[in-house]
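The chain contents come next:
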Amino acid sequence: MPTNADADPWFELFDDAEVMRFVGSGEVRDREYYAGLVHGQQELAERTGLCLFSVVSDGEVAGFAGILPWSHPWGPTGSLEAGWRLGRRFWGRGLATAAARIAVDLARERGIERLVSMIHADNAASVAVAQRLGMTPSALHRSPAGAPVREFGLLLD
């Protein structure tokens, strides 16, 4: 589970419009947002054993990956989502795929039957991660802001 100390590197990594351009509305968030996100993930981990975990590369926080409920009022509400986000300097190294695989394996161990990933249709890098995980496109949604968001699904045996 993430520690309180992870809020600062998450903020620093994601205080980047390029990193955030395919995330939600694309808004860059403040430190307080990430402190709240860490706290929420800690509570989720205590309840379920699943959450967004920090991804660490060479002793440095690179981002996060994990499993959490899709909580938006559109799309697959109530489904469990595999998600990942890395700071720009960590892109292209296979870290997102490796971390997401660990999260998917953890969900499988916990008896989860199906996962989704909600990915902006133009986010080729995240689409590639989902495909490497064995996820397949299952629906196309429009976010409240009008962005095309592809739902990918994965059945866990």
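What counts, and at which threshold
- Residues numbered from 1 in each chain as written.
- Predicted model: local features only at pLDDT ≥ 70, side-chain atom pairs only at ≥ 80, totals over all residues.
- Heavy atoms only, no water.
- Phe/Tyr/Trp six-rings, centres within 6.5 Å; stacked < 30°, edge-to-face > 60°.
- Helix = DSSP H or I, 4+ residues; strand = E, 2+ residues; numbered from the N terminus.
- Buried < 20%, exposed > 50% of the residue type's maximum accessible area, 1.4 Å probe, protein only.
- Lys NZ or Arg CZ within 6 Å of the ring centre and 35° of its normal.
- Salt bridge = Lys/Arg side-chain N within 4 Å of Asp/Glu carboxyl O.
- Expected span 1.5 Å × (residues − 1).
- Contact = heavy atoms within 4.5 Å.

Draft legend 1. Highlighting the packing of aromatic side chains. The final tally for this structure, using the stated rule, is 5 aromatic pairs. Aromatic side chains Phe-14 and Phe-64 sit 5.3 Å apart centroid to centroid with 75 degrees between the ring planes, which places their arrangement in the edge-to-face category. Of the two residues, Phe-14 is situated in helix H1 (residues 7–14) and Phe-64 in strand S2 (residues 60–69); the sequence distance between them amounts to 50 residues. Since its relative accessible area comes to 0%, Phe-14 is described here as buried. Assessed through its relative accessible area of 4%, Phe-64 is described here as buried. Look at Trp-70 and Trp-74: their rings are 5.2 Å apart centre to centre, the planes differ by 85 degrees, and that puts the pair in the edge-to-face class. Positioned over the ring face of Tyr-33 is Arg-29, at 4.5 Å from the centre of the ring. The positively charged end of Arg-85 is found above the aromatic ring belonging to Phe-14, 4.8 Å away from the centroid.

Draft legend 2. Inspection of the pattern of salt bridges at higher detail. The final tally for this structure, using the stated rule, is 8 salt bridges. Measuring nitrogen to oxygen at the nearest pair gives 3.9 Å for the salt bridge that ties Arg-29 to Glu-27. Classification of Glu-27 by relative accessible area gives partly exposed; the value is 41%.

Draft legend 3. Quick look at helix H4 (residues 95–109). With 15 residues, H4 extends 21 Å between its outermost C-alpha atoms, agreeing within 8% with the 21 Å of an ideal straight helix rising 1.5 Å per residue. Residues Leu-95, Ala-96, Thr-97, Ala-99, Ala-100, Ala-103, Val-104, Leu-106 and Ala-107 constitute the buried set of H4. The inward-facing, buried residues of H4 contact strand S1 (52–57), S2, strand S3 (80–86), strand S4 (114–120), helix H5 (124–132) and strand S6 (148–155). Positive phi appears at Gly-111, one or two residues downstream of H4, with a value of about 85 degrees.

The analysis is restricted to geometry; functional conclusions fall outside its scope.
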